[in-house]
Amino acid sequence: MVNLAAVEVAGVKYNSPWSQVAILGFATFCSVGMFSAVGGLGAGGLQDVQLSDIANSVLYGVFAIMGFFAGSINNILGPRMTFSIGTTGYSLYVGSLWAFQVHGTRWFLILAGALLGVTASLLWAAQGAIMMSYPLEKDKGRSFTLFWSIFQLGTLTGSAIALGIEAHSDLPEVSTGVYLAFMIIMLTAILSSWLLLPPHLVVRGDGTVPLMEDAISPREEFKELVKLFKDWRMIALFPMFFGSNYFYAYQGALNAALFNGRTRALVALLTGLGSIIGSIVIGLFTDWLPTGRRNRALAATAFVFLFTALVYGAGLGFQVQFTRETVAKGMIFKGAAIPWDWTVGSATGPIILLMAYYIADATFQGLAYYTMSTMSNDPFKLARMAGYYKGVQSAGSAVSFGMDAVVTPFLGEHLISWLLLVVALPLCGWVLWYTRETNYDVENTLVVEEVKAEETAAPVVYEEKAPVKTSEDESA
């Protein structure tokens, strides 16, 4: 049997954090990336936007509840098992979209949404723990860039598949071939998830390994979770977490209202590209600026605030020109009948705007992850934070899809989405103001002594370094 931890190809070690984050990104590429591509088609490719909103509200409602406990489940089962279970719900959900289109089974779509809410919470808790705890502190921003770029390549690839199938179709709905292609790719995520290594086999570039606590009882894990809820930083970050996915319902409804099937596929492809661009930009700010960690984080916050204001300001200028009623199917808007095709000149600006929304979204999400990763290097703590983040985020999504399901005016959805971001970013800056330049001196660190196999047959030795108390730590 091959010892994956010892594999090295072209100087890249399989047990390095970069390799593990890349594998994590690929598995998410095949699952969440394809799911995002379906969502980017507008209402999951359906014409029944209200049913799609109901299914998504159920999905994110269950996700919100489970998210708060997913980090603790990850700490009990381990990240590989937790992540693998988390990949199973995506193909089922896309299958339910296909079943509805063929057989009209509304109940199955809603049930699949609820089941996906459970599994997705597990996937994202494990993902957060791996992405934020495995890399060195100086690489955490670029770790997000690597993961998010590979993950969004899933959206890009899925959208390209949909676009290839839909390119010569002017039908308002997405064909069943699109759903089948996505389901097949999603099933590969379950297998690829087992290529991840357990944390104790991962070795960073400086010879340290992610420090794992001894397993604790569910009761103790619950106490740690309650302690997290009381942390003033988590309370301050609540608006950021709540608003981080809030605009997705608005964007999906806008896409479904304005464009036909093949144009929605093009929009999904471009928004995936926008997400990759945004992840690269935020990684440049958090890791590559020639200054200390706190200053880099604050500079990143200022950039995200200004860029978000620019994009949402442009979006507001577009949104005030129409309502839900004026862009109903068959209505004439900007000289062309709804839904628009990409060949319509009036569609160009809105398509670019939707892409810009996703550039801003990636910078915002990257800043959220980086903020959490500055608080600790402990995989257990970061798993709880990731679960809390996704739980609050999903609560926001459930509310936004619920608002869209009751046909809230587009302008109201836009303004609420923008307001949440405006409130969230100054609070994020407040948390980052207290960022330590490093957590290595206040948390235990495990160092691996790597010994060549031909020189000795002795096992790998782990040496524990005790944490050094600082005045800041004592006052916390």
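See above for the structure.
Residues numbered from 1 in each chain as written. Predicted model: local features only at pLDDT ≥ 70, side-chain atom pairs only at ≥ 80, totals over all residues. Heavy atoms only, no water.

**Here's the deal with empty space enclosed by the protein**
Moving on, step 1. Scanning all chains against the criterion turns up five cavities of 30 Å³ or more.
Moving on, step 2. In this model, the second largest cavity occupies a volume close to 80 Å³.
Moving on, step 3. Lining of the second largest cavity is provided by G243, S244, Y246, F247, T308, Y312, Y357, A360, D361, F364, S417 and L421.
Moving on, step 4. Of all the secondary-structure elements, those providing two or more residues to the lining of the second largest cavity are α13 (293–319), α14 (348–373) and α16 (410–433).
Moving on, step 5. Counting residues per element, the lining of the second largest cavity draws most heavily on α14, at four residues.
Moving on, step 6. For the lining of the second largest cavity, the residue count by class is seven nonpolar, four polar and one charged. (1 Å grid on protein atoms, 1.4 Å probe; cavity = no way out; pocket = protein on both sides within 12 Å on 5 of 7 lines; lining within 4 Å. Points joined across faces, edges and corners; volume = space filled by probe spheres on them. Helix = DSSP H or I, 4+ residues; strand = E, 2+ residues; numbered from the N terminus. Nonpolar A, V, L, I, M, F, W, Y, C, P; charged D, E, K, R; others polar.)

**Looking at unusual backbone geometry**
Moving on, step 1. Residue I338 is joined to P339 through a cis peptide bond whose omega torsion reads 5°.
Moving on, step 2. Considering the arrangement of structural elements, one finds P339 in the loop between β5 (336–337) and α14.
Moving on, step 3. In this structure, V407 is a non-glycine residue whose phi angle is positive, near 60°.
Moving on, step 4. Tracing the backbone shows V407 in the loop between α15 (379–405) and α16.

**Some thoughts on α14**
Moving on, step 1. An ideal rise of 1.5 Å per residue puts 38 Å on 26 residues; α14 measures up with 38 Å between its terminal C-alpha atoms.
Moving on, step 2. Summarising burial for α14: 23 of the 26 residues are buried, a large majority. (Expected span 1.5 Å × (residues − 1). Buried < 20%, exposed > 50% of the residue type's maximum accessible area, 1.4 Å probe, protein only.)

**Details of the packing of aromatic side chains**
Two measures describe an aromatic ring pair: the distance that separates the ring centres and the angle between the ring planes.
Moving on, step 1. Overall, the coordinates contain 37 aromatic pairs when judged by the stated rule.
Moving on, step 2. Ring geometry for F147 versus F151: centroids 5.8 Å apart, planes at 25°, classification stacked. Of this pair, F147 and F151 are both found in helix α6 (residues 140–166), four residues apart, which corresponds to roughly one turn of the helix.
Moving on, step 3. When its relative accessible area of 0% is taken as the criterion, F147 is described as buried.
Moving on, step 4. Summarising the aromatic geometry, the rings of W148 and F151 are spaced 5.0 Å apart at their centres and angled 85° between planes, so their arrangement reads as edge-to-face. (Phe/Tyr/Trp six-rings, centres within 6.5 Å; stacked < 30°, edge-to-face > 60°.)

**Thoughts on the environment of K381**
Moving on, step 1. Looking at the element boundaries, K381 is found in helix α15.
Moving on, step 2. Under the relative-accessibility criterion, K381 is labelled partly exposed at 38%.
Moving on, step 3. Between the C-alpha atom of K381 and that of S133, which follows or precedes it by 248 residues, the distance is 9.3 Å.
Moving on, step 4. In this structure K381 touches S376 and E443, once residues within four positions along its chain are discounted. (Contact = heavy atoms within 4.5 Å.)

Shape descriptors only; they carry no functional weight alone.
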